[in-house]
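Structure assessment
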Amino acid sequence: MRFLSECAAAVRRALPDKCPLFVRISASDWTEGGWDVEQSVELARRLKRLGVDVIDCSSGGNIEKAKVPVGPGYQVPFAERIRREADIATAAVGMITAPAQADAIIRSGHADLALLARRTAARALLAAARRPRARPRHGLAGAIPARRPDRRARAHAGHEID
Ligand SMILES: Cc1cc2nc3c(=O)[nH]c(=O)nc-3n(C[C@H](O)[C@H](O)[C@H](O)COP(=O)(O)O)c2cc1C
């Protein structure tokens, strides 16, 4: 907590006031005795006092054998609880794959933002693979295959690829 707090405070000092500061956290280790959402709420309260604007609520990643119940919107409850209990804006992430799903998360007040990763990356990769001469020059350019990605790569990049 101390390291992150010191980093957040230093970044806040360096950023213009008008620039929002997001912090991504792993809200739970999904493991008995590990980091949990109660501690994440406490962390979020502290980060709010330091000038952090948004907590981006991911989870897992630290304990290899943790059983993570991966499924559509599986991390949204972290965004909802941290938002409610720490009174700070949150971003929901993880298997949000459709505009209607993202819209429902925001409208229901479960989070202030919905972030999409693999779904958008998959679209960009497939679009680039279909038009090899028009590949983007920035961002994903280095990760773009010269031809249509194979089944494994596509499965890794997204769940329901058109
Ligand atoms: C290949 C890959 C690399 C990722 N790298 C990072 C990372 O470096 N840091 C991070 O916080 N999340 C990382 N993530 C997690 C994504 O940012 C996102 O939270 C996750 O993929 C869940 O959202 P999605 O279901 O929309 O993809 C990565 C995900 C993938 C698939």
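This write-up is about the structure you can find in this document. These numbers come from a predicted model, not from an experiment.

1. A closer look at the site of the ligand
- Around the ligand, the neighbouring residues are Arg24, Ser58, Val93, Gly94, Met95, Ile96, Leu116, Ala117, Arg118 and Arg119.
- When grouped by side-chain class, the residues that make up the shell around the ligand number five nonpolar, two polar and three charged.

2. Quick word on unusual backbone geometry
- A positive phi is found at Asp87, a non-glycine position, where the angle reads about 55°.
- A positive phi angle, near 55°, is found at Met95, a position not held by glycine.
- For Met95, the position within the fold is in the loop between β3 (89-93) and α4 (99-107).
- By the C-beta count within 10 Å, which is 17 here, Met95 ends up partly exposed.

3. Remarks on the sheet that holds β3
- Read from one edge of the open sheet, four strands run β1-β2-β3-β4, paired in parallel fashion. Looking at which strands have only one partner, the edges of the open sheet turn out to be β1 (22-26) and β4 (113-115). Sheet twist, expressed as the average angle between the axes of neighbouring strands with direction ignored, equals 25°.

Conventions and cut-offs
- Residues numbered from 1 in each chain as written.
- Predicted model: local features only at pLDDT ≥ 70, side-chain atom pairs only at ≥ 80, totals over all residues.
- Near = placed C-beta within 6 Å.
- Nonpolar A, V, L, I, M, F, W, Y, C, P; charged D, E, K, R; others polar.
- Helix = DSSP H or I, 4+ residues; strand = E, 2+ residues; numbered from the N terminus.
- Buried ≥ 20, exposed ≤ 12 C-beta atoms within 10 Å, placed from the backbone.
- Pairing = 2+ DSSP bridges.
- Axes fitted to C-alpha atoms, helices over the stretch in contact; angles between N-to-C directions.

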